[in-house]
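Examining the three-dimensional arrangement
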Amino acid sequence: MSRSIYRIGDTGRRPLSDPHPDDPPIVAALRYGVTAPSAHNTQPWRIELVSDVEARLFFDPNRMLPDTDPPGRQVHISHGTLIEMTAIGATSLGFRTEVDVLPGGAMSIPEFGTKPTATLRLVTDPGIQVDPLFAQILERRSSRLAHQGPPLAEEERAHIERNAHFPGVEVGWIPEDQRTRVLDIAAQAMTIEAEDHDLYDETRIWFRYSDREIAQKGDGLHADTVGLSGLSLALGRRFINDGNWHKPYNRGPYLKGFRRSVSATTALLTLTTATNSMRDWIVTGRAYVRAQLSAGSFGLRFQPISQVLQEFPQMDQLRTEMEQLIGITAPAKLQMLVRVGRTTPPALSPRRDLRAIIQQ
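Owing to the predicted nature of the structure, the values given are computational and were not obtained by experimental measurement. (Residues numbered from 1 in each chain as written. Predicted model: local features only at pLDDT ≥ 70, side-chain atom pairs only at ≥ 80, totals over all residues. Heavy atoms only, no water.)

**Observations concerning the overall build of the chain**
Across its full length, the chain carries ten helices and nine strands. Computed over its C-alpha atoms, the radius of gyration of the chain comes to 19 Å, within 12% of the 21 Å expected for a compact globule of 360 residues. Taking the principal axes of its C-alpha atoms as reference, the chain extends roughly 55 × 45 × 45 Å. Here the chain, with 360 residues, has 58% of them falling under the buried criterion. Counting contacts in the chain only where the partners sit at least 6 residues apart, residues at least 24 apart contribute 79% of the total. Accessible area of the chain: about 14800 Å², with a carbon and sulfur share of 51%. (Helix = DSSP H or I, 4+ residues; strand = E, 2+ residues; numbered from the N terminus. Rg over C-alpha atoms; globule rule 2.2 N^0.38 Å. Buried < 20%, exposed > 50% of the residue type's maximum accessible area, 1.4 Å probe, protein only. Contact = heavy atoms within 4.5 Å. Areas by Shrake-Rupley, 256 points an atom, 1.4 Å probe, with all protein chains shown as cover.)

**Considering the packing of helix H4 (residues 176-195) against helix H10 (residues 316-326)**
Where H4 meets H10, the axes come as close as 10 Å, and the angle between the chain directions of the two elements is 165°. In terms of their interaxial angle, H4 and H10 are classed as roughly antiparallel. Considering how the two elements wind past one another, H4 and H10 form a crossing that is left-handed. Of the residues in H10, those touching H4 at Gln-178, Arg-181, Val-182, Ile-185, Gln-188, Ala-189 and Ile-192 are Leu-318, Glu-321, Met-322, Leu-325 and Ile-326. A per-class count over the contact of H4 with H10 returns eight nonpolar, two polar and two charged. (Axes fitted to C-alpha atoms, helices over the stretch in contact; angles between N-to-C directions. Parallel < 35°, antiparallel > 145°, perpendicular 65-115°, else oblique. Left-handed = near helix turned anticlockwise from the far one by under 90°. Nonpolar A, V, L, I, M, F, W, Y, C, P; charged D, E, K, R; others polar.)

**Some remarks on the packing of aromatic side chains**
Enumeration according to the criterion identifies seven aromatic pairs in this entry. Taking 5.0 Å as the distance between ring centres and 50° as the angle between the ring planes, the aromatic pair formed by Phe-207 and Trp-245 counts as tilted. Of this pair, Phe-207 sits in the loop between helix H5 (197-205) and helix H6 (211-217) while Trp-245 sits in the loop between helix H7 (230-239) and helix H8 (248-263), placing them 38 residues apart in sequence. Across the pair, Trp-245 and Phe-207 agree in class, each one buried. An aromatic cluster of at least three residues, connected via ring pairs, comprises Tyr-200, Phe-207, Tyr-209, Trp-245 and Tyr-254. Lying across the ring of Phe-58, Arg-46 places its NZ or CZ 4.5 Å from the centre. In this structure, Arg-157 packs its charged tip against the face of Trp-173, placed 4.7 Å from the ring centre. (Phe/Tyr/Trp six-rings, centres within 6.5 Å; stacked < 30°, edge-to-face > 60°. Lys NZ or Arg CZ within 6 Å of the ring centre and 35° of its normal.)

**Describing the confidence of the model for the chain**
Here the chain averages 94 in pLDDT, while 95% of its residues score no lower than 70. With pLDDT under 50 throughout, residues 1-5 is counted as low confidence; its partners more than four residues away or in other chains account for 18 contacts. (pLDDT = per-residue confidence, 0-100.)

**Some remarks on H4**
Structural remark: α-helix, 3.6 residues per turn; residues separated by three or four positions point the same way. With 20 residues, H4 ought to run about 28 Å at 1.5 Å a step, and its terminal C-alpha atoms sit 29 Å apart, in line with that. For H4, the full list of buried residues reads Arg-179, Val-182, Leu-183, Ile-185, Ala-186, Ala-187, Ala-189, Met-190, Thr-191, Glu-193 and Ala-194. Turning to H4, the residues buried within the fold contact helix H3 (154-164), H5, H8, strand S6 (267-273), H10 and strand S8 (333-341). (Expected span 1.5 Å × (residues − 1).)

**What about the environment of Asn-276?**
Its place among the elements puts Asn-276 in the loop between S6 and helix H9 (278-296). Accessibility expressed as a relative area gives 34% for Asn-276, which makes it partly exposed. Asn-276 sits 149 residues away from Gly-127 along the chain, and the two C-alpha atoms are 36 Å apart. When neighbours within four sequence positions are excluded, Asn-276 is seen to be in contact with Arg-73, Trp-281, Pro-331, Lys-333 and Gln-335.

**Things to note about the nonpolar core**
Counting residues in each nonpolar core, the largest one holds 63 residues, and the members touching the most others are Ile-47, Ile-160, Leu-269, Phe-302 and Val-340. With ten residues, H9 is the single largest residue contributor to this core. In this view, Leu-269 contacts Ile-160, Val-171, Gly-172, Trp-173, Ala-291, Phe-302, Met-336, Leu-337, Val-338 and Val-340; residues no more than four positions away in its chain are not counted. (Core = buried A, V, L, I, M, F, W, Y, C linked by side-chain atoms within 4.5 Å.)

**Focus on the side chain of Thr-284**
Structurally, Thr-284 can be placed in helix H9. Ignoring any residue separated from it by four or fewer positions in sequence, one finds Thr-284 in contact with Ile-77, Val-169, Leu-271, Thr-273, Gln-335 and Met-336.

**Some details on the sheet that holds strand S5 (residues 169-173)**
A sheet is described by the order of its strands in space; here four strands give the open sequence S5-S6-S8-S7, paired in antiparallel fashion. The sheet is open, and its two edges are formed by S5 and strand S7 (301-304), each paired on a single side. Adjacent strand axes in the sheet meet at a mean angle of 30° when their direction is disregarded. Bridge count for S6 against S8 is seven bridges, and the pairing is antiparallel. Among the inter-strand pairings, Thr-272 is bridged to a residue of S8, identified as Leu-334. Here H9 sits on the sheet and contacts S5, S6, S7 and S8; the angle it forms with S8, its principal contact strand, is near 10°. (Pairing = 2+ DSSP bridges.)

**Some words on the pattern of salt bridges**
Considering all chains together, one arrives at 23 salt bridges under this definition. Asp-125 is the partner of Arg-96 in a salt bridge, and the nearest nitrogen-oxygen pair spans 3.8 Å. Residue Arg-96 is located in strand S3 (residues 95-101), and its partner Asp-125 is located in the loop between strand S4 (118-124) and H3; the two are separated by 29 residues in the primary sequence. Given the relative accessible area of 36%, Arg-96 is considered partly exposed. Measuring nitrogen to oxygen at the nearest pair gives 3.3 Å for the salt bridge that ties Asp-242 to Arg-204. Placement of Asp-242 in the loop between H7 and H8 and of Arg-204 in helix H5 is noted, with a sequence separation of 38 residues between them. A relative accessible area of 43% means that Asp-242 is categorised as partly exposed. One network of salt bridges, with partners in common, ties together Glu-54, Arg-96, Glu-98, Arg-121 and Asp-125. (Salt bridge = Lys/Arg side-chain N within 4 Å of Asp/Glu carboxyl O.)

Listed below in structure tokens is the structure:
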């Protein structure tokens, strides 16, 4: 069970799972790894320790999003984020990380969780430098709030691009003359998701309504992290519950707030791969978290608005329109669409304790 270290509205530094005196190096590195971002904050990870310096990462099928993420693409992007956060954290301990992605091969959906997503092996390296992105790990958080302040400078864009570079992942930006249309499509996509009972019910399952529930479960979304503000936030904290989740008086303010925040977007980052394999998904997650941490050094916040990229039938038409607009042709895949800008301090999302994720 997660510790009671998260309070609704908390904007402080992200706490880590408590260390133990006998923690091996791989566990010390994974303390940073499990702070990684994940789809719906599901934290879809199961970790098996192999030795003091090696661990296998598995998908947790209980944390899949079958309605909004039927192929498991987004949750496997979330595996890439954990891998890269662990590797960055390991540099602070004097280790480089050897990563073997999909050592047993790619998985079909029935195989999820039966074969490792990756093996992580720490190697002592006396000459290793602490990754500069390490300083941003405890400061990292996503923000669904409206962007404020000046647009991104070219040096900020270039810095993000350099740090996000991974073989196989193309980092790009939506041109300014396309931004309004892209954001309009993104808002339509969110409306489709919120107005479909089964799709939006998946968000309900991962929504946490109180400090107590956040502390008990240590995962999911809550009112402060979904972009509500002002009166909508106050009412959301007090009145939204399982019984009235789908009522128009709850859904409407959320969609209004989403459109308001999205309309105030400074820049849109894209991550694209030439193919759309499980390996591509994982490397996308590695690139994403490096981009997010590098942006944090400038006080910039990220918010994925990738609903339009999801692969369920209700989204097919809008997804095709988006791909045509920005020139994506199969087998290439736009893996992530991300708002980038400056916001007021966003709330922290909860995290499970590392020992709830490690398989004993």
